[in-house]
Amino acid sequence: MTAAADAATSDLRRYLQEARDALLWKLDGLPEYDVRRPMTPTGTNLLGLVKHAAGVELGYLGDTFGRPSGEPLPWLADGAEPNGDMWATAEESREDIVGLYRRAWAHADATIEALPLDTTGRVPWWPDGRDELTLHHAVVRVIADTHRHAGHADILRELLDGAAGESATGTSLPSDDPAWWEAHRDRVERAAREAGREA
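Figured I'd write up the structure that's included with this text. The model shown is predicted, which means the values in this text are computed figures rather than measured ones. (Residues numbered from 1 in each chain as written. Predicted model: local features only at pLDDT ≥ 70, side-chain atom pairs only at ≥ 80, totals over all residues. Heavy atoms only, no water.)

**As for helix 5 (residues 135-161)**
Now for step 1: Between its first and last C-alpha, helix 5 extends 38 Å over 27 residues, near the 39 Å set by a 1.5 Å rise per residue.
Now for step 2: At the C-terminal side of helix 5, Gly162 shows a positive phi close to 85°. (Helix = DSSP H or I, 4+ residues; strand = E, 2+ residues; numbered from the N terminus. Expected span 1.5 Å × (residues − 1).)

This is the structure in structure tokens:
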């Protein structure tokens, strides 16, 4: 592997891991109900996002490259209930789903380490003739999907208990003062109302 390929792989792994960590961090400290609670009309919930992300990694960075994990994913089987990967049943524990996600990371990371980024794979659920992609493309796709869902988790967690930011140590927010945020929100609300009157 060339130095450039090593650097590209390292960058991809870093951004993927940052998204994974952010997604799991959003579960920390919440009671069981809150990690499962549907927070949108379409049922979006924190634990379901983790469950979905595990399946995405095992599919795109496992099966697609002839490296099945052996993990049973009944919610993806033929005839399974639609959207079954986006929520946790009462029988599926938080520990089970988080454990599955961590095993999916390890399996995906092993694929990324074992294969060159220009390796071609076939996505089993894409239409024939349009089902090929490179490992590089697959990793970028998984990074984008995981960051998208980490953003969903950001919003859900803020709605649940006000916790915000990208990690426990680096929030990337301009202030941690509740009074500052209240004044900021009021400013945004006033601007929205003024713009609404002018429209």
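**Considerations on the nonpolar core**
Now for step 1: Of all hydrophobic cores here, the largest spans 25 residues; its most connected members are Leu23, Leu24, Leu27, Leu46, Val50 and Tyr101.
Now for step 2: Those elements that place two or more of their residues in this core are helix 1 (3-25), helix 3 (46-60), helix 4 (94-114) and helix 5.
Now for step 3: Here this core takes seven residues from helix 3, the largest share from any one element.
Now for step 4: Among all residues touching Tyr101, those that are not within four sequence positions of it are Arg20, Leu23, Leu24, Val50, Ala53, Ala54, Glu57 and Thr146.
Now for step 5: The next biggest cluster of nonpolar side chains, apart from the first, holds 18 residues, and it includes Phe65, Leu117, Trp126 and Leu133. (Core = buried A, V, L, I, M, F, W, Y, C linked by side-chain atoms within 4.5 Å. Buried < 20%, exposed > 50% of the residue type's maximum accessible area, 1.4 Å probe, protein only. Contact = heavy atoms within 4.5 Å.)

**Details of the packing of helix 1 against helix 3**
Now for step 1: Taken N-terminus to C-terminus, the directions of helix 1 and helix 3 make an angle of 155°; their axes are 10 Å apart at the nearest point. By the angle class used here, helix 1 and helix 3 are roughly antiparallel. The chirality of how helix 1 crosses helix 3 is left-handed. Residue-level inspection shows Leu16, Arg20, Leu23 and Leu24 of helix 1 in contact with helix 3, the latter providing Leu49, Val50, Ala53 and Glu57.
Now for step 2: Tallied by class, the residues present in the contact of helix 1 with helix 3 amount to six nonpolar, no polar and two charged. (Axes fitted to C-alpha atoms, helices over the stretch in contact; angles between N-to-C directions. Parallel < 35°, antiparallel > 145°, perpendicular 65-115°, else oblique. Left-handed = near helix turned anticlockwise from the far one by under 90°. Nonpolar A, V, L, I, M, F, W, Y, C, P; charged D, E, K, R; others polar.)

**Focus on the packing of aromatic side chains**
Now for step 1: On inspection of all chains with the given rule, the structure shows four aromatic pairs.
Now for step 2: Measuring from ring centre to ring centre gives 6.1 Å for Tyr60 and Trp126, while their planes differ by 70°; the resulting arrangement is edge-to-face. In this pair, Tyr60 is assigned in helix 3 and Trp126 in the loop between strand 1 (120-122) and strand 2 (132-134), connecting sequence segments 66 residues apart. Each member of the pair Tyr60 and Trp126 is classed as buried.
Now for step 3: Centre to centre, the rings of Trp180 and Trp181 are 4.7 Å apart; their planes meet at 85°, and the pair counts as edge-to-face.
Now for step 4: Of the residues examined, Trp180 reaches a relative accessible area of 33% and is grouped as partly exposed.
Now for step 5: For Trp181, a relative accessible area of 30% puts it in the partly exposed group. (Phe/Tyr/Trp six-rings, centres within 6.5 Å; stacked < 30°, edge-to-face > 60°.)

**Here we look at helix 6 (residues 178-198)**
Now for step 1: Across its 21 residues, helix 6 extends 30 Å between first and last C-alpha, which sits within 8% of the 30 Å expected from 1.5 Å per residue.
Now for step 2: Here helix 6 starts with a cap whose side-chain oxygen sits 3.1 Å from the backbone nitrogen of Ala179, and that cap is Asp177. (Polar contact = N/O pair within 3.5 Å; in protein donor to acceptor, adjacent residues only side chain to side chain.)

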